[in-house]
Amino acid sequence: MEMAAFEDKFKEAMSTMVPLLNRITYYIVRRKGKQMRPMFVFLIAKMVSNGKFTEKTYRGAAVIELIHTATLVHDDVVDDSNKRRGFFSINALWKNKIAVLVGDFLLSKGLLLSIDHDDFDVLKLISIAVREMSEGELLQIEKARRLDITEDVYFEIIRKKTATLIAACCGIGATSVGANQAEVDKMRLFGEYIGVAFQIKDDLFDYSEAQIGKPTGIDIKEQKMTLPLIHTLNNCDAKERKWIINSVKNHNKDKKRVKEVIQFVKDNGGLEYTTNKMHEYKNKALTILNSYPKSEYKESLLTMIDYVVERKK
């Protein structure tokens with residue numbers, strides 16, 4: 001019920017006096033994804049307050065969605081991507097300059113939504129997330145060139161790039177219903193663990209045969225260092241390591257070579273190790289949830305955690 005009301009409030013938050021912007025934001029609203037992030041805001045708010053939520057919860061969910069959408073629009077420009085979830089990206093339809101400006105507009109709308117209602121605790125949480133996401137992207141760009149990434153650096157990148165926004169959702173959900181700082185921090189950590197598990201699952205898709213909207217081996221073609229590959233690189237001999245790095249750097253467009261790398265990773269326990277790591281983070285999240293009494297909101301969060309690790313796309 002609140003998700004339907006949230007939709008209306010979100011559309012309202014995006015409205016503007018500029019016709020071109022309205023056309024673009026209408027296009028964005030029409031092609032919305034799973035809306036997992038606003039759901040986290042509402043479910044956490046209700047779990048920590050025995051079913052309550054406020055106007056601030058709606059605003060927090062809208063802020064998260066505005067910022068998330070802004071980062072997707074900017075990401076498509078950075079990645080020079082023409083498609084997003086099967087739709088044309090903003091930069092493909094309206095060019096990079098407009099896409100960057102639309103991203104800036106959405107970002108400022110999100111920040112102003114908090115400022116206009118004196119939601120400074122929400123503003124702080126979202127500002128930390130935006131800073132960390134930028135740092136994560138830049139760290140990945142810097143490290144990807146050299147392909148000598150350690151597991152620690154990999155986890156730092158995905159914590160900042162992906163997990164920090166889900167952490168913000170959970171922190172905002174808690175603070176929107178007046179939770180104390182310790183509980184807000186606990187919920188942020190819960191969101192961070194889920195976000196890390198979510199990204200690890202994405203890494204595993206690169207090695208699956210399933211039709212998930214991105215072809216198998218695309219991360220290798222794009223020279224992205226994912227956990228199965230990092231683990232395999234750190235656990236093979238010098239000759240094999242040299243072959244993998246040469247394959248990823250110089251032969252990443254060669255389908256046969258990419259398939260060989262995928263097979264090598266599978267044969268050397270890369271997928272098994274990665275799957276175990278994903279479940280490790282899932283279990284850390286479950287441990288936090290288990291400190292709360294049984295409720296329908298907790299049950300829904302348990303279902304969402306299962307979805308994160310079991311999803312097929």
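Computed from a prediction, not measured in an experiment: that's the story for all the values here. (Residues numbered from 1 in each chain as written. Predicted model: local features only at pLDDT ≥ 70, side-chain atom pairs only at ≥ 80, totals over all residues. Heavy atoms only, no water.)

Quick notes on the pattern of salt bridges
Part 1 of the argument: Counting across every chain of the model gives 14 salt bridges.
Part 2 of the argument: For Glu 156, the salt bridge is made with Arg 159, and the minimal N-O distance between the two is 3.5 Å. One end of the pair, Glu 156, and the other, Arg 159, are both in helix α7 (residues 151-175), 3 residues apart, so they sit about a helical turn from each other.
Part 3 of the argument: Each of the salt bridges in this network shares a partner with another, and the network as a whole consists of Arg 131, Glu 132, Glu 135, Glu 156, Arg 159, Lys 160 and Glu 192. (Salt bridge = Lys/Arg side-chain N within 4 Å of Asp/Glu carboxyl O. Helix = DSSP H or I, 4+ residues; strand = E, 2+ residues; numbered from the N terminus.)

Let's talk about the packing of helix α3 (residues 36-48) against helix α8 (residues 181-205)
Part 1 of the argument: It is at 12 Å that the axes of α3 and α8 come closest, and there the two elements cross at 145 degrees. Once α3 is placed against α8, the crossing between them reads as right-handed. Of the residues in α8, those touching α3 at Met 36, Phe 40, Ile 44, Met 47 and Val 48 are Glu 183, Met 187, Phe 190, Ile 194 and Phe 198.
Part 2 of the argument: In terms of residue class, the contact of α3 with α8 is made up of 9 nonpolar, no polar and 1 charged. (Axes fitted to C-alpha atoms, helices over the stretch in contact; angles between N-to-C directions. Left-handed = near helix turned anticlockwise from the far one by under 90°. Contact = heavy atoms within 4.5 Å. Nonpolar A, V, L, I, M, F, W, Y, C, P; charged D, E, K, R; others polar.)

Some details on the confidence of the model for the protein
Part 1 of the argument: When pLDDT is averaged along the protein, the result is 86; 89% of the residues meet or exceed 70.
Part 2 of the argument: The least confident element of the protein, judged by mean pLDDT, is strand β1 (residues 83-84) at 56; the most confident is helix α13 (residues 270-289) at 96. (pLDDT = per-residue confidence, 0-100.)

What to know about helix α6 (residues 120-144)
Part 1 of the argument: Taking 1.5 Å per residue, 25 residues should reach 36 Å; α6 reaches 36 Å between its end C-alpha atoms and fits that length.
Part 2 of the argument: Of all the positions in α6, only Val 122, Leu 123, Leu 125, Ile 126, Ala 129, Glu 132, Met 133, Gly 136 and Gln 140 are classed as buried. (Expected span 1.5 Å × (residues − 1). Buried < 20%, exposed > 50% of the residue type's maximum accessible area, 1.4 Å probe, protein only.)

Some remarks on the packing of aromatic side chains
Aromatic ring pairs: the centre-centre distance and the angle between the two ring planes describe each pair.
Part 1 of the argument: In the structure shown here, the tally under the stated rule is 7 aromatic pairs.
Part 2 of the argument: Between Phe 42 and Tyr 58, the aromatic rings sit 5.2 Å apart at their centres with planes inclined by 70 degrees, giving edge-to-face as the arrangement. With Phe 42 in helix α3 and Tyr 58 in helix α4 (residues 55-78), this residue pair connects regions lying 16 residues apart in the sequence. Of the two residues, Phe 42 and Tyr 58, both sit in the buried class.
Part 3 of the argument: The rings of Tyr 154, Phe 155, Tyr 193 and Tyr 281 are connected pair by pair, giving a single aromatic cluster.
Part 4 of the argument: Positioned above the aromatic ring of Tyr 281 is the side chain of Lys 284, whose terminal nitrogen or guanidinium carbon lies 4.5 Å from the ring centre.
Part 5 of the argument: A cation sits over an aromatic face here: Arg 311 above Phe 198, 3.8 Å from the ring centre. (Phe/Tyr/Trp six-rings, centres within 6.5 Å; stacked < 30°, edge-to-face > 60°. Lys NZ or Arg CZ within 6 Å of the ring centre and 35° of its normal.)

A few points about the packing of helix α11 (residues 238-250) against helix α12 (residues 255-267)
If you want to describe how two helices pack, look at the angle between their axes and the distance between the axes.
Part 1 of the argument: For the pair α11 and α12, interaxial distance at closest approach is 10 Å and the crossing angle is 135 degrees. One finds that α11 runs oblique with respect to α12. Handedness of the α11/α12 crossing: left-handed. The segment α11 lies against α12, with Glu 240, Trp 243, Ile 244, Asn 246 and Ser 247 engaging Arg 257, Glu 260, Val 261 and Phe 264.
Part 2 of the argument: Of the residues that constitute the contact of α11 with α12, the class distribution is 4 nonpolar, 2 polar and 3 charged. (Parallel < 35°, antiparallel > 145°, perpendicular 65-115°, else oblique.)

A short note on the environment of Asn 234
Part 1 of the argument: By secondary structure assignment, the location of Asn 234 is in the loop between α10 (227-233) and α11.
Part 2 of the argument: Between the C-alpha atoms of Asn 234 and Ile 149, which are 85 residues apart in sequence, the distance is 9.5 Å.
Part 3 of the argument: Those residues in contact with Asn 234 that sit more than four places away from it in its chain are Ile 149, Glu 151 and Arg 241.

Let's talk about unusual backbone geometry
Part 1 of the argument: A positive phi angle is found at Asn 50, which is not glycine, with a value near 55 degrees.
Part 2 of the argument: Mapped onto the elements, Asn 50 comes out in the loop between α3 and α4.
Part 3 of the argument: The phi angle at Asp 118 is positive, at roughly 55 degrees, despite the residue not being glycine.
Part 4 of the argument: Tracing the chain through its elements places Asp 118 in the loop between α5 (90-116) and α6.

Some words on the environment of Ala 62
Part 1 of the argument: One can find Ala 62 in helix α4.
Part 2 of the argument: With relative accessibility at 4%, the residue Ala 62 sits in the buried group.
Part 3 of the argument: Between the C-alpha atom of Ala 62 and that of Glu 7, which follows or precedes it by 55 residues, the distance is 8.7 Å.
Part 4 of the argument: Excluding anything up to four places from it in sequence, Ala 62 contacts Phe 6, Phe 10 and Leu 113.

As for helix α14 (residues 296-310)
Part 1 of the argument: Its 15 residues give α14 an end-to-end C-alpha distance of 21 Å, which sits within 8% of 21 Å, the value for a rise of 1.5 Å per residue.
Part 2 of the argument: Contacts from the buried residues of α14 go to α3, α8 and α13.

Description of the nonpolar core
Among soluble globular proteins, nonpolar side chains are generally buried collectively.
Part 1 of the argument: Core analysis: the biggest nonpolar cluster contains 91 residues, and Phe 40, Leu 106, Met 187, Phe 190 and Ile 200 have the highest contact counts within it.
Part 2 of the argument: Among the elements that line this core, the one with the most residues is α7, at 12 residues.
Part 3 of the argument: In contact with Ile 200, other than residues within four places in its own chain, are Tyr 154, Phe 155, Ile 158, Leu 227, Thr 274, Lys 277, Met 278 and Tyr 281. (Core = buried A, V, L, I, M, F, W, Y, C linked by side-chain atoms within 4.5 Å.)

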